[in-house]
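So you can see what is in the structure, the chains are spelled out below.
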Protein chains: 2
Amino acid sequence: MSVTQPVRSPRRRAPRNSLNADRILDAAIALLDRDGAEAFTMRALAQELGVGTMAVYSHFRGKDEISDAVAQRLMDTIELPRTGTGDPRGELREVCRGVYRLFTEHPSALQLLTIRPLRGDDAIAVIDRMLDLLRRAGLDRTAAARAHVALMQYTVGSALWNTRRARALCEEGVRDRVRAKLDALPADRYPALVSLAPELLCAQDQRTEQYEFGLDGILDGLLGGGRGL
Amino acid sequence: MSVTQPVRSPRRRAPRNSLNADRILDAAIALLDRDGAEAFTMRALAQELGVGTMAVYSHFRGKDEISDAVAQRLMDTIELPRTGTGDPRGELREVCRGVYRLFTEHPSALQLLTIRPLRGDDAIAVIDRMLDLLRRAGLDRTAAARAHVALMQYTVGSALWNTRRARALCEEGVRDRVRAKLDALPADRYPALVSLAPELLCAQDQRTEQYEFGLDGILDGLLGGGRGL
DNA sequence: ACCTGAACACCGTTCAAGT
DNA sequence: ACCTGAACACCGTTCAAGT
């Protein structure tokens, strides 16, 4: 029978060397940010690139190696504030906000980043900068190390919390169901919660303000002289 | 040919009603804590129960529903300190430590818990208690709501960070590789990091002390009067 | 009703083969 | 060397069937 070429040709063979590690990482980040971590699939990634699934394996050993490379690449996009004349506290605040912004701008990559936080030249530069600022703020060696870890933990936790929330709230009706559940709580059993329900919902909406509220509190507590009373 | 019964009989049929939601949740938590989240599989869960894969579906709609129930069950195991005569700050500290302990004792369930933190009667009681204590500590309505969220975010972030670290460090040789990497860093480029490397490694090892260091800092900052200088 | 295996549409990855 | 599809061992879940 005379047939034309199949209407939907499955895919013409990709020209040699049209694929490389950079293109793959770009596509991976785009895929993660657009469709979320659970859609980050070798098959989906290959399709995003217009290429057979196995083509990617010529450039990376496997999915884990791609994840690592994505995490490293993202960390390298953090911009450090100019090493200022200003106070250490203000600079520290800026560095933390930069890390937080990165985490929330690439929500799906956040979990990749929390696994091995010590990758990438710029990530290391961030850590070095934070430690330096903490020392200059007057903390001793042990306190500086601990304060750095605490700040990173808070930042990771805050970003994770907010992105999970944001994703959940995207689903239809979740917002109303949460509100209804809060309204249905017995006020005699949970008086504080029922009373503060509006403020709680508001706090979760104003995510940047919420992060900065906690950040300022932590910085006050860690830098401000000693255990206050 | 004459054959005996197969040496390994695949599985005798489970007696009726030997399975129920509680047994399934017990097995799920055991599986999660023992083998980790990535081993939490419907097939593995059924095997743990000595039952066909699909038997579980008679009691739960699917894996998501089991995850939700696990999260709720775990949250209900948090013990609140006796509503003390003591200072709000000390009680608040105890509640946070309880939440942190739960998160670290069930590391694999942590991610389940971060998705929908508002499930379960006891979880709600924890929230109510924290809000009440924050109010009694003198915070206004907005500050109490924000402080509660910040404390939860820090606690989740800290538990997540530590359990990821702990799991990574279990792998053979990771510990030495991290140390080697830190030693190999150019001291002129990252002076603070190289100098504080021992303190950093130490801070990540002493996990409970690290959590409490940050917790005390946050409590100081949030409760101690105003922005210090 | 409760439990079962077969089957379906996915997943990451191995392998032998094309160019 | 770079890219390909077929195949393998997994996964969650649907379905028709057994008891």
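Cut-offs and rules
- Residues numbered from 1 in each chain as written.
- Chains lettered and ligands numbered in written order.
- Predicted model: local features only at pLDDT ≥ 70, side-chain atom pairs only at ≥ 80, totals over all residues.
- Heavy atoms only, no water.
- Contact = heavy atoms within 4.5 Å.
- Buried area = accessible area lost by both parts, 1.4 Å probe.
- Salt bridge = Lys/Arg side-chain N within 4 Å of Asp/Glu carboxyl O.
- Helix = DSSP H or I, 4+ residues; strand = E, 2+ residues; numbered from the N terminus.
- Buried < 20%, exposed > 50% of the residue type's maximum accessible area, 1.4 Å probe, protein only.
- UniProt positions renumbered as here; feature names shortened; annotations may be inferred.
- Axes fitted to C-alpha atoms, helices over the stretch in contact; angles between N-to-C directions.
- Parallel < 35°, antiparallel > 145°, perpendicular 65-115°, else oblique.
- Left-handed = near helix turned anticlockwise from the far one by under 90°.
- Nonpolar A, V, L, I, M, F, W, Y, C, P; charged D, E, K, R; others polar.
- Expected span 1.5 Å × (residues − 1).
- Bend = angle between axes of the 7 residues up to and from the residue.
- Polar contact = N/O pair within 3.5 Å; in protein donor to acceptor, adjacent residues only side chain to side chain.
- Phe/Tyr/Trp six-rings, centres within 6.5 Å; stacked < 30°, edge-to-face > 60°.
- Lys NZ or Arg CZ within 6 Å of the ring centre and 35° of its normal.
- Domains from an automatic or database assignment.

S.K.: Explain the interface of chain B and chain A here, please?
M.R.: How big an interface is tends to be stated in terms of the accessible area lost upon association of its parts. Counting residues at the interface gives 64 residues for chain B and 65 residues for chain A. Note on chain B versus chain A: buried area summed over both sides is about 5,700 Å², and carbon and sulfur give 66% of it. When the buried area of chain B at its contact with chain A is split by residue, B:Arg146, B:Gln153 and B:Trp161 rank highest and sum to 14% of it. Inspection of the region where chain B meets chain A yields 2 salt bridges. B:Arg141 is paired through a salt bridge with A:Glu199; the nearest N and O atoms lie 2.8 Å apart.

S.K.: Just checking my understanding: could you explain unusual backbone geometry for this structure?
M.R.: The phi angle of most residues is negative, glycine excepted, and most peptide bonds adopt the trans form. Residues and elements named next belong to chain A. One non-glycine residue with positive phi stands out, namely Asn17, at about 65 degrees. Tracing the backbone through its elements, the reader meets Asn17 in the segment before helix H1 (21-35). Here Asn17 falls in the exposed class, since its relative accessible area comes to 75%.

S.K.: Got a minute to help me understand the UniProt feature "DNA-binding region" (unreviewed entry) in chain A in this structure?
M.R.: With numbering aligned to this structure, UniProt lists the feature "DNA-binding region" (unreviewed entry) at residues 41-60 of chain A. With 40% helix and 0% strand, residues 41-60 of chain A has end C-alpha atoms that lie 14 Å from one another.

S.K.: I tried to follow the packing of helix H1 (residues 21-35) of chain B against helix H2 (residues 42-49) of chain B on my own but got confused; where do I start?
M.R.: Packed helix pairs are characterised by how far apart their axes lie and by the angle those axes make with each other. Residues and elements named next belong to chain B. In the contact formed by H1 and H2, the axes pass within 9 Å of each other and the chain directions differ by 115 degrees. By the angle between their axes, H1 is roughly perpendicular relative to H2. At the point where H1 passes H2, the crossing takes the right-handed sense. Within the contact between the two elements, H1 uses Arg23, Ile24, Ala27, Ala28, Ala30, Leu31 and Arg34 and H2 uses Ala44, Leu45, Glu48 and Leu49. Tallied by class, residues from the contact of H1 with H2 come to 8 nonpolar, no polar and 3 charged.

S.K.: So what exactly am I meant to see when it comes to helix H9 (residues 191-205) of chain B here?
M.R.: Side chains that are three or four residues apart share a direction in an α-helix, a result of its 3.6 residues per turn. Along its 15 residues, H9(B) runs 22 Å from first to last C-alpha, staying within 8% of the 21 Å computed at 1.5 Å per residue. The principal kink in H9(B), of about 60 degrees, is found at B:Ala197, preceding the proline B:Pro198 by one to four residues. Taken together, the buried positions of H9(B) are occupied by B:Ala192, B:Leu193, B:Leu196, B:Ala197, B:Glu199, B:Leu200, B:Ala203 and B:Gln204. Tucked inside the fold, the buried residues of H9(B) contact helix H6 (121-136) and helix H7 (141-170) of chain A together with helix H7 (141-170), helix H8 (174-184) and helix H10 (207-223) of chain B.

S.K.: I'm lost on the environment of A:Thr163 in this one. Help?
M.R.: Residue and element names in this part refer to chain A. Along the polypeptide, Thr163 turns up in helix H7. Residue Thr163 is classed as buried on the basis of its relative accessible area of 12%. Linking Thr163 and Asp87, residues 76 residues apart in sequence, is a C-alpha distance of 31 Å. Apart from the residues within four sequence positions on either side, Thr163 is in contact with Thr104, Pro107 and Leu110. Among the polar contacts listed, one links the side chain of Thr163 to the backbone oxygen of Leu160, at a separation of 3.1 Å.

S.K.: Even after reading the chapter, I still don't get the packing of aromatic side chains, so can you show me in this structure?
M.R.: Each aromatic ring pair is described using two quantities: the centre-to-centre distance and the angle formed by the ring planes. All names here are of chain A. Within this structure, the stated rule accounts for 4 aromatic pairs over all chains. Plain terms: the ring middles of Tyr154 and Tyr211 are 5.3 Å apart, the flat faces sit at 10 degrees to each other, and that makes the pair stacked. Linking Tyr154 in helix H7 with Tyr211 in helix H10 (residues 207-223), this pair joins segments that are 57 residues apart in sequence. A relative accessible area of 1% places Tyr211 in the buried class. A network of ring pairs unites the aromatic residues Tyr100, Tyr154 and Tyr211 as a single cluster. Here the basic side chain of Lys63 rests over the ring of Phe40, its NZ or CZ set 5.2 Å away from the ring centre.

S.K.: So what exactly am I meant to see when it comes to the domain arrangement of chain A here?
M.R.: All names here are of chain A. Domain parsing of chain A yields domain 1 (21-60) and domain 2 (76-174 + 211-222). Here the C-alpha centre of domain 2 lies 28 Å away from the C-alpha centre of domain 1. Taken together, the 6 residues of domain 1 in the interface contact 7 residues of domain 2. Its largest share of buried area at the contact with domain 2, domain 1 owes to Leu32, Asp33 and Ala37, together 73% of the area lost on that side. At the boundary of domain 1 and domain 2, one finds 0 salt bridges. At the surface where domain 1 touches domain 2, the tally comes to 1 residue pair in polar contact (both at pLDDT 80 or more).

S.K.: What exactly am I supposed to notice about the environment of B:Asn20 here?
M.R.: Residues and elements named next belong to chain B. Inspection of the secondary structure puts Asn20 in the segment before H1. By relative accessible area, which is 32% here, Asn20 ends up partly exposed. It is 34 Å that separates the C-alpha atoms of Asn20 and Trp161, two residues lying 141 residues apart in sequence. In this structure the side chain of Asn20 is engaged in a polar contact, spanning 3.0 Å, whose partner is the backbone nitrogen of Asp22. Engagement of the side chain of Asn20 in a polar contact is seen with the backbone nitrogen of Arg23, the distance being 2.8 Å.

S.K.: Before we go on, may I ask you to explain the UniProt feature "domain: HTH tetR-type" (unreviewed entry) in chain A in this structure?
M.R.: Those residues carrying the UniProt feature "domain: HTH tetR-type" (unreviewed entry) are residues 18-78 of chain A in this numbering. Between the first and last C-alpha atoms of residues 18-78 of chain A the distance is 29 Å; the span itself is 59% helix and 0% strand.

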